[in-house]
Amino acid sequence: MQMKDSAEPSSVSVRLRKRLGRTYQRMRFLSSLRHLHGPRGVFAPPDEVTLIALVRDGCYYLDAFFDHYSSLGIRHFVFFDNGSEDDTIARIHERPGTAILQSRLPWGQFENMFRSYAAQRYAQNRWCLIVDMDEVFDFEGRAEVGLQGLTRYMSARGYTAMMAQMLEMFPKAPLAEVADMTYPEVLRQFSWCDLSAITARDYDAPDTGLSYFLNQNRIAMGGSQPLQVLFGGVRAKVFSEHCCLTKHPLVFVGPGVEAGVHPHAATGVTLAPMTGVLKHYKFANDSLARDRKSVAEAAIAHGEDQLRLSVLSSNPDLSLWSEAALQAPDIATLQDNGFLIASEDYSQHIRASAEGG
């Protein structure tokens, strides 16, 4: 009994310190927050998707980024700027349908708060798509039903989120040869990927590193296989990175739902049984120089930048290409390879829509 009595205050004090720490972090964040441009709150119609992206010195990506997401039908863009020093803010100002928030707090400590706050402020009772500037979202039915058709289908079935898998895209050429390539050219030339070094965990497995978040979600039935959390890929193969490939980018921010509370997870959602893809262009825009800067600033706690820097510094002619690489796989090919999951019900919906049914 004495042991129990002495342990309880310690447990209470730990919880209290954590709560006070979270309150302090929130207060720091709110005091740092600036509204720089555009509407101050929800401005998308209820049936449209609001895109949310973190950005810092993102001019390199902006034109192609807007082109792709506008082609999906997105007309409302919210950018959370983390202290850009190039023309990013001025360039976004020029675009209709945009809003900008800013905080200069350390990205590595506050990125979750940046995303979740923007989603709550701008996408209440709406769908939001949370992506990074170097990510290109794609999904089955893009040509036939579009993004609005996808979200309409999910809403009708009670799904409040769609999971996506990150697919690292790279060129056949050595990375050093493409360091100065423009982003539109990157999207054309980085046409290869590698599925040979991917590992999977069950969605509810305790060892994903995300179980605190994922256990708050529900998975709808009807997929071609159970949803899984994927790890690895070409970055594990070449740089020994333990990178998670699974994200929850497309989320309906309804009651009890928190979008963007982790870079790879939302909570309180009902997940659709099918998955989309986030083509990831990590190695665009002189990735070696960015990793050098990141390591010098100690900006990333998990150390993946250091792993890449070590390998690339010792092997300046490194190419990520190997005989295992696939070139420009479409959604169906990624499904056939087990990287993405299909839903027969959704596929039938797409076919019926294409036939005018």
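**Student:** Describe in detail empty space enclosed by the protein, supporting the description with residues and values.
**Tutor:** Tallied over the entire structure, the rule returns four cavities of 30 Å³ or more. There is about 120 Å³ of room inside the largest cavity. Along its surface, the largest cavity is lined by 16 residues, and Ile130, Lys247, His248, His262 and Pro263 are the ones closest to its centre. When contributions to the lining of the largest cavity are tallied by element, the ones reaching two or more residues are β12 (246-252), β13 (258-262) and β14 (265-267). At four residues, β12 tops the list of elements feeding residues into the lining of the largest cavity. The class makeup of the residues in the lining of the largest cavity is eight nonpolar, four polar and four charged. Taken together, Met166, Leu167, Glu168, Asp194, Ile198, Gly232, Gly233, Val234, Arg235 and Leu245 form the lining of the second largest cavity. Elements that contribute at least two residues to the lining of the second largest cavity include exactly β7 (161-168) and α8 (234-239). The dominant element in the lining of the second largest cavity, judged by the number of residues it contributes, is β7, at three residues. A class-by-class count of the residues in the lining of the second largest cavity yields five nonpolar, two polar and three charged.

**Student:** Which residues make up the packing of helix α9 (residues 287-297) against helix α10 (residues 304-314), and what values go with them?
**Tutor:** Between two packed helices, the angle of one axis relative to the other and the distance separating the axes together describe the packing. The interhelical angle for the contact between α9 and α10, taken along N-to-C directions, is 130 degrees, at an axis separation of 9 Å. The angle between α9 and α10 places the two elements in the oblique class. By crossing handedness, the relation of α9 to α10 is classed as left-handed. In this structure, α9 uses Leu288, Asp291, Arg292, Ser294 and Val295 to contact α10, whose residues at the interface are Asp305, Gln306, Arg308, Leu309, Leu312 and Ser313. When its residues are assigned to classes, the contact of α9 with α10 shows four nonpolar, three polar and four charged.

Calculation notes
- Residues numbered from 1 in each chain as written.
- Predicted model: local features only at pLDDT ≥ 70, side-chain atom pairs only at ≥ 80, totals over all residues.
- Heavy atoms only, no water.
- 1 Å grid on protein atoms, 1.4 Å probe; cavity = no way out; pocket = protein on both sides within 12 Å on 5 of 7 lines; lining within 4 Å.
- Points joined across faces, edges and corners; volume = space filled by probe spheres on them.
- Helix = DSSP H or I, 4+ residues; strand = E, 2+ residues; numbered from the N terminus.
- Nonpolar A, V, L, I, M, F, W, Y, C, P; charged D, E, K, R; others polar.
- Axes fitted to C-alpha atoms, helices over the stretch in contact; angles between N-to-C directions.
- Parallel < 35°, antiparallel > 145°, perpendicular 65-115°, else oblique.
- Left-handed = near helix turned anticlockwise from the far one by under 90°.
- Contact = heavy atoms within 4.5 Å.

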